[in-house]
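So you can see what is in the structure, the chains are spelled out below.
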Amino acid sequence: INYNDGAAPQSVSRNLTGTAVTPALLTISDTNPYNFGTLALGSSVTQTFTITNTGGFTASSLLESGIAAPFTYFGGTYPGTGGNCTATLAGGANCTIVVQYAPSLVGVQNDAIDFAYNDGLSAQNVTRTVQGTGANPALLT
């Protein structure tokens, strides 16, 4: 910065440094759609999904929008018993959620695991479709 101190021209400088990183980018593991398979009514199965931040910036305001029956977070609440995701996910880190499928109707059911987050620049969304098929239990006579 150049200035005049009232007696003579002066100059002062300050070195600046910074580190640029890529915005947060979340992915959800497993195939899309993830198929829980065919299960007898009254039974259940769980799947652990890994959420990975492949970006260099921390994903913030991580908010799952909720899945609906017959898909639930194992144990009843997010991130599911055994899961460890929170509201933030550091760049290069991952966390897990545990989803349970417990069919109560015969036929194919679909839903989506849906997360909104801030990538450090703007609001983003990541989704993994899930499906499963409910079937009547075997009955031998």
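Residues numbered from 1 in each chain as written. Predicted model: local features only at pLDDT ≥ 70, side-chain atom pairs only at ≥ 80, totals over all residues. Heavy atoms only, no water.

Topic: the state of the cysteines
All told, the structure shown has one disulfide when counted by the stated rule. The disulfide partner of Cys85 is Cys95, and the S-S distance across this bridge is 2.0 Å. Sign of the S-S torsion, about 90° for the bond between Cys85 and Cys95, identifies this disulfide as right-handed. You can see Cys85 sitting in the loop between strand S7 (71-73) and strand S8 (94-101) and its partner Cys95 sitting in strand S8, a full ten residues away along the chain. Here Cys85 and Cys95 have matching classes, each one buried. (Disulfide = S-S within 2.5 Å. Helix = DSSP H or I, 4+ residues; strand = E, 2+ residues; numbered from the N terminus. Buried < 20%, exposed > 50% of the residue type's maximum accessible area, 1.4 Å probe, protein only.)

What to know about the sheet that holds S7
Pairing is antiparallel across the open sheet formed by four strands, whose spatial order is S3-S5-S8-S7. Strands with a single pairing partner mark the edges of an open sheet, and in this sheet they are strand S3 (26-28) and S7. Here the strands of the sheet are splayed against their neighbours by 30° on average, with no regard to which way each runs. In this sheet, S8 lies alongside strand S5 (residues 45-53) in antiparallel orientation, the contact comprising eight bridges. Within the sheet, the bridge partner assigned to Val45 lies in S8 and is Tyr101. (Pairing = 2+ DSSP bridges. Axes fitted to C-alpha atoms, helices over the stretch in contact; angles between N-to-C directions.)

Focus on unusual backbone geometry
Residue Pro70 is reached from Ala69 by a cis peptide bond, and omega for that bond is 15°. By secondary structure assignment, the location of Pro70 is in the loop between strand S6 (60-64) and S7. Put simply, Tyr78 and Pro79 share a cis peptide bond, and its omega is 5°. Structurally, the position occupied by Pro79 is in the loop between S7 and S8. Its identity is not glycine, yet Asp30 carries a phi of approximately 80°, on the positive side. Considering the arrangement of structural elements, one finds Asp30 in the loop between S3 and strand S4 (34-40). Here Asp30 falls in the partly exposed class, since its relative accessible area comes to 36%.

These figures capture arrangement, not role.
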